[in-house]
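So the chains spell out like this:
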Amino acid sequence: MTESQYDRANKKVYPVVLTQLIIMVVMTIIGFVSGISIQGIIMVIAAIGGIFVLGYLMKAEMPGKKRAIGLLGTASVVYFIFLLLNFSATVYAYAMPLMTASIIYLNVRFLYYGGTITIVGNILHLIIMTVAGHSGKIDMLFNFVIIAIVIYIVYNVSITLTAFNEENLQVQKEASDKMLLVADNR
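Treat the numbers as computed from the prediction; the structure is a model and nothing was measured. (Residues numbered from 1 in each chain as written. Predicted model: local features only at pLDDT ≥ 70, side-chain atom pairs only at ≥ 80, totals over all residues. Heavy atoms only, no water.)

Observations regarding the overall build of the protein chain
Thinking step 1. The number of helices and strands found in the protein chain is six helices and zero strands.
Thinking step 2. When the helices and strands of the protein chain are placed in sequence order, the string is α-α-α-α-α-α.
Thinking step 3. Here the C-alpha coordinates of the protein chain stretch approximately 80 × 40 × 15 Å along the principal axes.
Thinking step 4. Within the span of the protein chain, comprising 186 residues, buried residues form 35% of the whole.
Thinking step 5. Considering only contacts within the protein chain whose residues lie at least 6 apart along the sequence, 71% involve residues at least 24 apart.
Thinking step 6. When the accessible surface of the protein chain is totalled, it reaches about 11000 Å², and 70% of it is carbon and sulfur.
Thinking step 7. With 12 positive and 9 negative side-chain charges, the protein chain shows a separation of 7 Å between the mean positions of the two kinds. (Helix = DSSP H or I, 4+ residues; strand = E, 2+ residues; numbered from the N terminus. Buried < 20%, exposed > 50% of the residue type's maximum accessible area, 1.4 Å probe, protein only. Contact = heavy atoms within 4.5 Å. Areas by Shrake-Rupley, 256 points an atom, 1.4 Å probe, with all protein chains shown as cover. Lys, Arg positive; Asp, Glu negative; His and termini not counted. Charge placed at Lys NZ, Arg CZ, Asp CG, Glu CD.)

Set out below in structure tokens:
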């Protein structure tokens, strides 16, 4: 992608990850109704810190790709913290905006990183929930289904993006060859 394309994509991704972090804060605070916990406080601090980092990233002068890495990286770190500290079986849902945002950049590496964080994080989350006694068989099955879906998405989208890139390179090569042929005939 060009810098202007990264800038346009960043303007689309920013509200997605910002909304994700705001929802994470709100849902954690709502969870305080049943009792405040150290884990909840850490999650709120992490998400609010992430919101400030996102604001900084959008205002700072930096290349578009670096901003993209910062936006996705910040959301990924906060999501990973939530996976480690949240005992809800539905915490996986916070990965969906992150995965969608990584696809917007049409960058296979971003997709691999996002998929890896989602998969490893969900496996760790499942282990933590099992050890803490908060996971039933249905939760385990559901987490494995989510992991399988993420693997399927990352695999198929990466193949599609790679094919698109190869097709675009082929079109550019053909256009370049045609220009050289025209130049040689003069």
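What about the packing of aromatic side chains?
Thinking step 1. Summed over all chains, the structure comprises three aromatic pairs.
Thinking step 2. Seen in terms of ring centroids, Y105 and F110 are 5.4 Å apart; in terms of plane orientation they differ by 85°. Their pairing is edge-to-face.
Thinking step 3. For Y105, a relative accessible area of 0% gives the class buried.
Thinking step 4. Residue F110 is classed as buried on the basis of its relative accessible area, which comes to 8%.
Thinking step 5. One aromatic cluster is present, formed by Y6, Y105 and F110 through successive ring pairs. (Phe/Tyr/Trp six-rings, centres within 6.5 Å; stacked < 30°, edge-to-face > 60°.)

Regarding the nonpolar core
Thinking step 1. V13, M24, L71, L72, Y79, F82 and Y105 are the most contacted members of the largest nonpolar core, which totals 30 residues.
Thinking step 2. Elements represented by at least two residues in this core include exactly α1 (3-31), α2 (38-59), α3 (64-85) and α4 (95-104).
Thinking step 3. M24 has contacts with A47, V78, Y79, F82 and Y94, leaving out every residue within four places of it along the chain.
Thinking step 4. Counting eight residues, the second largest nonpolar core, distinct from the first, contains L111, I119, I146 and V154. (Core = buried A, V, L, I, M, F, W, Y, C linked by side-chain atoms within 4.5 Å.)

Focus: the side chain of N10
Thinking step 1. Within the secondary structure, N10 is located in helix α1.
Thinking step 2. Excluding residues that lie within four positions of it along the chain, N10 makes contacts with M58, G64, R67, A68, L71 and Y105.

Regarding the environment of M24
Thinking step 1. Within the element layout of this structure, M24 appears in helix α1.
Thinking step 2. In the structure, M24 is positioned 23 residues away from A47 in sequence and 6.7 Å away in space, judged by C-alpha atoms.

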